Amino acid sequence: MSPSPSPPGPSARVIVGLSGGVDSAVAALLLKQSGWDVQGLFLSNWEEEDDDAYCTAARDFQDARSIAAELGIVLHRVSFAAEYRERVFAHFLREHRAGRTPNPDVLCNREIKFGVALDWARRLGASHFATGHYARLERAADGPALCKAHDGAKDQSYFLHAVARAELAATLMPLGELYKNEVRELARRAGLPVFDKPDSTGICFIGERPFREFLARYVAKTPGPIESADGERLGTHEGLAFYTLGQREGLHIGGRCGREQAPWYVAVKDAARNTLIVVQGHDHPLLESRGLSTGAWHWLAAARREPFRCSIRTRYRQSDQRAQLEPQRAVTPGQYAVAYDGERCLGGAVIESLVRAERLSAAA
């Protein structure tokens, strides 16, 4: 186990984003043990007007207070709800209304945690901002290098690929070389009250509530047909915004006479006809792609101008896929493709379109 980075001076201050969970708590613990002047910052990014049973912010803040008290550090609290709605949530809604499936965690990291929160940390006199992310930051000849965490099951470099390199240079991620079970054990030994607190899941502002129920507050339902690849009408969808490619649950398609009893998956969202096209079988050709095009690339390494071999992830926890990366023109935003050279994250870009392994007409 490698020690946490030592402070550059005897009074170097680091602000740790304390979420109330075990990961950020142990990040603060390790930095304090390494000699940093540690203070905590609890971020409120989402505020409901009514009492929302799905929102855990109040409980998380109380946990953050307990952590700070146990560690003997100052805890600040600040609301970035306005910035979050403007820079993250507005984009989230635009993309869903366009029938896409955005990943707000990527923008939250770039705009909020390593944007306005890092600026706030500097106003508090800190030279660095730290989080409980599972990723590693290493020194490279061309600047800070974002690398995968040692714990492959928890690696979060995918969500960090859009953070500016200048911000990464002022960031600490003490958990990059630890495994989750080690983090919990460190918390238990230190007497931190959240050592066994379950990990949070889902999108931060949605919590554990049903996704479709939440989205319907902001996006109008536009029902249309659900069809098979050969054109058979199978049912009615609530609006293309409420579905994602590869989705299996929530289609409400029962057994069909003359068809095999296999699960249905969303394969195509035909915006021109407001039609959801579904196929049976996890390995159906319409669910496969042999290529994709992206928007402008955000580099975390020296920009490549010629085609080169690398590995690509198009979703979190996906195994690395071998690919050839070629320059593309800036186009309309969608999901994210993130490139890796071994352990190092090279950067990423928004997916604009897919090159399917099989055309719809051929599949029919």
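Before reading on, note that the structure itself is shown above.
Residues numbered from 1 in each chain as written. Predicted model: local features only at pLDDT ≥ 70, side-chain atom pairs only at ≥ 80, totals over all residues. Heavy atoms only, no water.

Asker: Summarise the nonpolar core; cite the residues concerned and give the values.
Answerer: Formed by 52 residues in total, the largest nonpolar core has its most connected members in Ile112, Phe129, Leu251 and Val278. Here this core takes 9 residues from helix α4 (residues 104-123), the largest share from any one element. Setting aside chain neighbours within four positions, we find Leu251 in contact with Ile226, Tyr243, Trp264, Tyr265, Val266, Leu276 and Val278. Judged by nonpolar contacts, the second largest core, of 32 residues, contains Ala12, Ala28, Ile67 and Leu71. (Core = buried A, V, L, I, M, F, W, Y, C linked by side-chain atoms within 4.5 Å. Buried < 20%, exposed > 50% of the residue type's maximum accessible area, 1.4 Å probe, protein only. Helix = DSSP H or I, 4+ residues; strand = E, 2+ residues; numbered from the N terminus. Contact = heavy atoms within 4.5 Å.)

Asker: Could you give an account of the packing of aromatic side chains, with specific residues and numbers?
Answerer: Per the stated rule, a full pass over the model turns up 14 aromatic pairs. Consider the rings of Phe89 and Phe92, whose centres lie 5.7 Å apart with planes at 20°: the pair is stacked. A residue pair is termed a helical-turn pair when its members lie 3 or 4 positions apart in one helix, as Phe89 and Phe92 do in helix α3 (residues 81-97) at 3 residues. The class of Phe89 is buried, set by a relative accessible area of 4%. With a relative accessible area of 1%, Phe92 lands in the buried category. (Phe/Tyr/Trp six-rings, centres within 6.5 Å; stacked < 30°, edge-to-face > 60°.)

Asker: Which residues make up the sheet that holds strand β9 (residues 233-237), and what values do they have?
Answerer: In space, the 4 strands of this open sheet follow the order β9-β8-β11-β10, with mixed pairing throughout. Two strands bound the open sheet, and with one partner strand each, they are β9 and β10 (264-270). On average, adjacent strands in this sheet sit at an angle of 30° to one another, irrespective of strand direction. Summarising the sheet, β10 and strand β11 (residues 275-280) pair through 6 bridges and their orientation is antiparallel. Bridge assignment links Asp270 to a residue of β11, and that residue is Thr275. (Pairing = 2+ DSSP bridges. Axes fitted to C-alpha atoms, helices over the stretch in contact; angles between N-to-C directions.)

Asker: Run through the pairing of strand β1 (residues 13-17), naming residues and quoting values.
Answerer: With respect to burial, β1 is a largely interior element, 4 of its 5 residues being buried. The sheet contact formed by β1 and strand β2 (residues 37-44) spans 5 bridges and is parallel. Bridge assignment links Ile15 to a residue of β2, and that residue is Gln39. The parallel pair β1 and β2, bridged by helix α1 (residues 22-33), forms a crossover whose chirality is right-handed. Sheet topology places β1 next to strand β4 (residues 128-130); 3 bridges connect them, and they run parallel. Among the inter-strand pairings, Val16 is bridged to a residue of β4, identified as Ala130. (Right-handed = clockwise from strand over helix to strand, strands pointing away.)

Asker: Pulling in residues and values, what's your account of a nonpolar patch on the surface?
Answerer: Taken together, the side chains of Leu245, Leu292 and Leu354 define a hydrophobic patch exposed on the protein surface, amounting to about 220 Å² of accessible area. Turning to its location among the elements, Leu245 is positioned in the loop between β9 and β10. (Patch = residues over 30% accessible without salt bridge, like charges linked within 9 Å, V, L, I, M, F, W, Y side chains within 5 Å. Areas by Shrake-Rupley, 256 points an atom, 1.4 Å probe, with all protein chains shown as cover. Salt bridge = Lys/Arg side-chain N within 4 Å of Asp/Glu carboxyl O.)

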